[in-house]
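Geometric and topological summary
The primary structure of each chain is shown beneath.
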Amino acid sequence: MIIGKVVGNVWATKKDETLNGLKLLVIQKKSQKNQEDTFVAADAVGAGFGDCVLIANGNAARKALGKNHVAVDATVVGIIDEVEVTS
Amino acid sequence: MIIGKVVGNVWATKKDETLNGLKLLVIQKKSQKNQEDTFVAADAVGAGFGDCVLIANGNAARKALGKNHVAVDATVVGIIDEVEVTS
Amino acid sequence: MIIGKVVGNVWATKKDETLNGLKLLVIQKKSQKNQEDTFVAADAVGAGFGDCVLIANGNAARKALGKNHVAVDATVVGIIDEVEVTS
Amino acid sequence: MIIGKVVGNVWATKKDETLNGLKLLVIQKKSQKNQEDTFVAADAVGAGFGDCVLIANGNAARKALGKNHVAVDATVVGIIDEVEVTS
Amino acid sequence: MIIGKVVGNVWATKKDETLNGLKLLVIQKKSQKNQEDTFVAADAVGAGFGDCVLIANGNAARKALGKNHVAVDATVVGIIDEVEVTS
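So, a few notes on the structure that sits alongside this text.

Basis of the calculations
Residues numbered from 1 in each chain as written. Chains lettered and ligands numbered in written order. Predicted model: local features only at pLDDT ≥ 70, side-chain atom pairs only at ≥ 80, totals over all residues. Heavy atoms only, no water. Least-squares fit on C-alpha atoms with pLDDT ≥ 70 in both. Contact = heavy atoms within 4.5 Å. Buried area = accessible area lost by both parts, 1.4 Å probe. Salt bridge = Lys/Arg side-chain N within 4 Å of Asp/Glu carboxyl O. Polar contact = N/O pair within 3.5 Å; in protein donor to acceptor, adjacent residues only side chain to side chain. Helix = DSSP H or I, 4+ residues; strand = E, 2+ residues; numbered from the N terminus. Buried < 20%, exposed > 50% of the residue type's maximum accessible area, 1.4 Å probe, protein only. Pairing = 2+ DSSP bridges.

Let's shift gears to the relation of the copies chain C and chain B. Between the two copies of the chain lies a rotation about an axis combined with a shift along it. At an RMSD of 0.0 Å, chain C and chain B line up after a rotation of 72° and a shift of 0.0 Å along the axis. Read as a symmetry element, the transformation amounts to a five-fold axis. No C-alpha of chain C approaches the rotation axis more nearly than that of C:Gly58, which lies at 5.9 Å. Looking at the interface residues of chain C, only 4% of them are also at the interface in chain B, so each copy uses its own face.

For the rest of this paragraph, the subject is the interface of chain C and chain B. Between chain C and chain B, the residue contacts involve 26 residues of the former and 32 residues of the latter. For the pairing of chain C and chain B, the buried interface totals around 2,400 Å² over both sides, and the portion due to carbon and sulfur atoms is 51%. Where chain C meets chain B, there are one salt bridge. One salt bridge connects B:Asp37 with C:Lys29, and the closest N-O pair in it is separated by 3.5 Å. Our count for the contact surface shared by chain C and chain B stands at 14 residue pairs in polar contact (both at pLDDT 80 or more).

What follows is about the pattern of salt bridges. All names here are of chain B. A complete count under the given rule lists 10 salt bridges over all chains for this structure. A salt bridge links Lys23 to Asp43; the nearest nitrogen and oxygen atoms lie 3.9 Å apart. With a gap of 20 residues between them, Lys23 in the loop between strand 2 (14–15) and strand 3 (24–29) and Asp43 in strand 4 (residues 37–43) connect regions that are remote in the sequence. What makes Asp43 buried here is its relative accessible area of 13%.

Time to look at the pairing of strand 4 (residues 37–43) of chain C. Residue and element names in this part refer to chain C. The buried fraction of strand 4 is high, at six of seven residues. Pairing geometry for strand 4 and strand 6 (residues 74–79), over two bridges, is parallel. By the bridge assignment, Asp43 is partnered in strand 6 with Val76.

Any functional reading would require information that these geometric values do not contain.
Set out below in structure tokens:
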């Protein structure tokens, strides 16, 4: 899974019907090399702007939504309280 | 999912029959590091040149086309109205 | 899907039996950043040296071969006539 | 699979219920180019801080947990005793 | 699929039971940009140190082992006799 930060939302009127009702969040991926990349994930746990979150990709993304037919390949599966890292 | 921009089309007469009838769009991937990469996605929502779009990859790409047997690994699943990002 | 160019072949006598009879092509991936990376894809449409081709990855690669049991994760699914891109 | 090092833990009270009871480890990926990237993996073998571990991704990650419905895309599947590499 | 070179072995006593009996090889990925990255693949064709090999990823990796339940996401599916590439 990936650690990222919610930095915004995506709005799309014309979209696949399986995405209807899903909140689509813009996620900034944090990596030690400070290379920043953004992608979009569906929300499954009520995450919002500024939250540090855990994202699952691929089939796991649909497991979190409980719907195997949705056209989603990334989902927020946790709002992180603490990342405890010792270098 | 990935945010990208439709920058063209791909035409292929000799292709897997499951691709017949699908519009194949050239997508330029936008990332904050301004590294530009292009790839091809099938269209599922009527996207066209210049549109800012949302792309799903892997199995999710076939869910959006409603056909699990197609040889597609990336599909445009939304035409983005607005990307609201606060850094 | 990825746009690439067929730049060669791979020959392997000792290989997984599900690969028997498949043509294994060396593909050079084209990306705007001119970062060249090579990988191997099975051929499903009669592609040959120098062809500009469309490659599907993951489960989609096996869909194109019509055999879900083959140990293949990338397949050439189209010979590209034209890539129409307007920057 | 990927070789990595356990460098910490992630705590998330609000998370997908399929993650309940799973230990979520922060993994630092080792690559010869010394590009360090971190990601999160569920633990399936009792790994802990400082361990050199083997991580499986995608569907394989859920196979290791024996539960196909969990929203996990990376799992620690081995604690490495030795990596024998001759350049 | 990926072309790589077998550069070593990984030994792990504490591991997922589905990995028992599998030879775990350290693979160095060759790419034209000379970016070297290493990963681990299970062996399905009797490959050994120094062999130039073909690796399949994801579900294809498990197809080569004939066991869909193993926690493996990369498998050596061929020992390469020759890579014929014309630039």
